[in-house]
Amino acid sequence: MENKWHEALNTLFPAAEDVPENIRLAAPINQKHILVNGEIREWSGPFHTVYSPMYLKDENGENKPLLIGSYPLATEKEANEALDAAVSAYDSGRGEWPAMSVHARIKCLEDFTKKMISKREEIVKLIVWEISKSIPDAEKEFDRTVEYIYGTINAVKKLNNSSMLFTIEQGFIGQTKKVPHGVVLCMGPFNYPLNETFTTLIPALIMGNTILFKPPKHGTLLFEPLLEAFKEAFPKGVVNTIYGRGRDTVPVLMKSGKVDVIALIGSSKVADSLKKMHPKSNRLKAVLGLDAKNAAIILEDADIELAVKESIAGTLSFNGQRCTALKILFVHASIVNKFNQRLAEEVEKLTVGMPWTKGVAITPLAEPDKPAYHDQCLDDAVAHGAKVINHESGGGNSYLSLMKPAIVFPVNDQMKLYREEQFGPVIPIVPFISLETPVEYVINSPYGQQVSIFSNDANAISLLIDKLASQVGRINLNAQCQRSPDTFPFNGRKDSAEGTLSIDEALNAFSVDSVVVTKQNAQNQQILENILSGKKSTRLSTNVLF
Ligand code: G3H
């Protein structure tokens, strides 16, 4: 071992018998099926082997990578088959699913959700093994997703009921309702593989679109228990899986010009390149959650204890692997020493361990190349004059996939950590004197998701709010950055997002207004009355949903 911290981290990787029984995987999940056109087809091609970010000690005490399963490495051929299935299930809006009443679609989604709930234990276990999320956080991700689905069902009913009315204006009678776009390609991120994927997939589905669903690279196996539920709950071709490497399967979908909406929670670089592949740029709609470098601005009068507590939650929840994480802290020079000292004391108290370790805060990193990247960031910061201020207590040391959080100070504009989204347990701190420093940082940043302000000074807070409201989607006062509650709008400016995803807004993002209008005269009124009283049309209707 290079040093005592590596040795300490090494001891945290368990032997097989140390893993609590309730979280053990009975056997690797070798997923051999893909869901296309309502069929669960056996896959006979190559597979991607999946290793957990957690290592297990063998009988000699050596840490060994842990194989937890495999999934199909599908190709362009299967991607095209899935695309054909989704296009034909949509059938230019005449397919069974888009033409179905909202009430009937809700019934299908409720059926799916019941089936999904029955798989909670399996899915939570797979979240834990695939991305090393702590058990309570994995459970929270599952439960939050179920709540999101039920919230979406209520929102759809509300939307349906509020769009029953006819507007009479300037001699016209019209009714406006939301109708689906067509085929939606949904791609979620590894850090909230279930929740963030479903925050686009579920609203897209309930609005009547048909779905091409590509699971994230890390966090794929956890969808295996849901394939049967997708197949049984929805008509054929409504949900189709795209397994395999994104670079092998997604370009062909985009280049076909048949994808109507791309829903991606991922990087702006990928979103940019995929959008450019689509031959009909006006047809393609995009719902995107992308990069972020959220800043906290901690003013001289801030409550330091509160700022420390929220900064720890903001920078280190799920090891800092949240798009909404605080990724840089600007702290007023007059309080920065006190703040750093308290932050280091509190960071030292955090438990590093495995997802089942009691009270664990820091778990193995999900992306294999991340510890090496963080080392580069730390070396670069040190070369430009910063220190890892909690170095004495191991900050910045990593061993295999485990890393002790690093607090880096003073960070300046020469450093990678000033610009790059570290997406890990590294806390860059920039001291400032003039408020213009953090304001200019946010203005000049290519990203604009959220910001946190810590202060009790109403004048200073107001000044910052007014300067930053045009730069970010959400301003948090005396609180960390976060997406929740899911009823609040979640969006971003610049390269951070396209579209808004609250429970209500997501329904708008995956649908478009359809207006049916006629001139107000006796003959047309009679026609409308015939259609409505005879319940002849699904689109032109006044069915109330309870
Ligand atoms: O990475 C983004 C997730 O949606 C996190 O949600 O900010 O409410 O914890 P949250």
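Sequence positions are assigned chain by chain, starting from 1 and proceeding in written order. The model is predicted, so local features are restricted to residues of pLDDT at least 70 and side-chain atom pairs to those at 80 or more, both for listing and for counting; the totals for chains, interfaces and linings are taken over all residues. Just so you know, side-chain values use all the structure's heavy atoms and leave hydrogens and water out.

### What about the overall build of the protein chain?
For step 1, the next point in the chain: On a plain count of helices and strands, the protein chain comes out with 18 helices and 27 strands.
For step 2, the next point in the chain: For this measure, only C-alpha atoms enter the radius of gyration; the expected value for a globule follows 2.2 Å times N^0.38, where N is the number of residues. For the protein chain, the C-alpha radius of gyration of 25 Å lies close to 24 Å, the compact-globule estimate for 546 residues.
For step 3, the next point in the chain: Only protein chains enter the accessibility calculation, which uses a 1.4 Å probe; a residue whose area is less than 20% of its type maximum is buried, one above 50% is exposed, and one in between is partly exposed. For the protein chain, the residues scored as buried account for 56% of the 546 residues in total.
For step 4, the next point in the chain: We call two residues in contact when some of their heavy atoms are within 4.5 Å. Here the contacts in the protein chain between residues at least 6 apart in sequence split such that 74% fall between residues at least 24 apart.
For step 5, the next point in the chain: Accessible surface for the protein chain amounts to roughly 22,900 Å². Of this, 51% is attributable to carbon and sulfur atoms.
For step 6, the next point in the chain: Note that His is not counted, nor are the chain ends; the positive residues are Lys and Arg, and the negative ones are Asp and Glu. Throughout, a charge is located at the NZ atom of Lys, the CZ atom of Arg, the CG atom of Asp or the CD atom of Glu. Here the protein chain carries 58 positive and 63 negative side-chain charges, and the mean point of each set is 6 Å from the other. Working definition: helices are DSSP H or I runs of at least four residues, strands are E runs of at least two. Numbering for both runs from the N terminus. Accessible surface is estimated by sampling points in the Shrake-Rupley manner with a 1.4 Å probe; for residues, cover comes only from the protein chains shown.

### Re the domain arrangement of the protein chain
For step 1, the next point in the chain: As far as domains go, the protein chain holds domain 1 (76-289) and domain 2 (294-485).
For step 2, the next point in the chain: Using only C-alpha atoms to locate each centre, domain 1 and domain 2 end up separated by 33 Å.
For step 3, the next point in the chain: When two components associate, each loses some accessible surface as probed by a 1.4 Å sphere; the sum of these losses over both components is called the buried area. With both chains or domains summed, domain 1 and domain 2 bury close to 1,400 Å², and 63% of this area falls on carbon and sulfur atoms.
For step 4, the next point in the chain: Among the residues domain 1 hides against domain 2, the three largest losses belong to S132, F190 and N191. Together they make up 32% of the total.
For step 5, the next point in the chain: Across the pair R483 and E196 runs a salt bridge whose closest N-O atoms are separated by 2.8 Å.
For step 6, the next point in the chain: Polar contact is the term for a pair of N or O atoms within 3.5 Å; when the atoms are in protein, one must be able to donate a hydrogen and the other to accept it, and sequence-neighboring residues count only if both atoms are side-chain atoms. Across the contact surface, domain 1 and domain 2 share 5 residue pairs in polar contact (both at pLDDT 80 or more). What counts as a domain boundary in this text is fixed by an automatic or database domain assignment. When a carboxyl oxygen of Asp or Glu is within 4 Å of a side-chain nitrogen of Lys or Arg, the pair counts as a salt bridge.

### Observations concerning the site of the ligand
For step 1, the next point in the chain: The ligand sits among R144, N191, Y192, E196, R322, C323, T324, Q482, R483 and S484.
For step 2, the next point in the chain: R483 is positioned such that a nitrogen or oxygen atom in its backbone is 2.7 Å from an oxygen atom of the ligand.
For step 3, the next point in the chain: The separation between an oxygen atom of the ligand and a polar main-chain atom of S484 is 2.8 Å.
For step 4, the next point in the chain: Within the complex, 94% of the 300 Å² of free accessible area of the ligand lies under protein.
For step 5, the next point in the chain: Three or more residues apiece are contributed to the shell around the ligand by two domains, here domain 1 (76-289) and domain 2 (294-485). We define proximity as follows: a residue is near a molecule or strand when any one of its heavy atoms falls within 4 Å of that partner.

### Quick notes on a nonpolar patch on the surface
For step 1, the next point in the chain: A surface patch of nonpolar side chains, about 270 Å² in accessible area, is lined by F172, V515 and V517.
For step 2, the next point in the chain: Topologically, F172 is positioned in strand β7 (residues 172-180).
For step 3, the next point in the chain: The class for F172 is partly exposed, based on a relative accessible area of 37%. The patches described consist of residues with a relative accessible area above 30% and no salt bridge, like charges being joined within 9 Å and nonpolar side chains (Val, Leu, Ile, Met, Phe, Trp, Tyr) within 5 Å.

### Some details on the nonpolar core
For step 1, the next point in the chain: Residues F198 and F234 are the most contacted members of the largest nonpolar core, which totals 129 residues.
For step 2, the next point in the chain: The dominant element in this core, judged by the number of residues it contributes, is helix α6 (residues 135-162), at 9 residues.
For step 3, the next point in the chain: For this core, the two domains that each supply at least three residues are domain 1 (76-289) and domain 2 (294-485).
For step 4, the next point in the chain: Sequence-distant contacts of F234, defined by excluding residues within four places in its chain, comprise W97, C108, L109, F112, L205 and V239.
For step 5, the next point in the chain: Only buried Ala, Val, Leu, Ile, Met, Phe, Trp, Tyr and Cys residues count toward a nonpolar core, and they belong to the same one when joined by side-chain atoms within 4.5 Å. Counting residues in each nonpolar core, the second largest holds 32 residues, with A295, L365, C377 and V411 among its members.

### A few points about the pattern of salt bridges
For step 1, the next point in the chain: This structure, assessed with the given rule, holds 28 salt bridges.
For step 2, the next point in the chain: Among the salt bridges present, the one from D486 reaches R483, with a minimum N-O distance of 3.7 Å. Neither D486 nor R483 differs from the other in exposure class; each is buried.
For step 3, the next point in the chain: Connected through shared salt-bridge partners, E305, R342, E345, E346 and K349 make up one network.

### Description of the sheet that holds strand β8 (residues 183-187)
For step 1, the next point in the chain: A pair of strands is treated as paired once DSSP finds two or more bridges between them. Here we have 6 strands laid out as an open sheet, ordered β10-β9-β8-β11-β12-β26, and mixed in their pairing. Each end of this open sheet is capped by a strand with a single partner; those strands are β10 (239-241) and β26 (497-498).
For step 2, the next point in the chain: As defined by bridge partners, β8 adjoins strand β9 (residues 210-214) across 5 bridges and the pair is classed as parallel. Of the residues in β9, the one forming a bridge with V184 is I211.
For step 3, the next point in the chain: Lines fitted to C-alpha atoms define the axes, with helix axes restricted to the stretch in contact, and inter-axis angles between N-to-C directions lie between 0 and 180 degrees. Running at roughly 160 degrees to β9, helix α2 (residues 76-90) makes contact with β8, β9 and β10 of the sheet.

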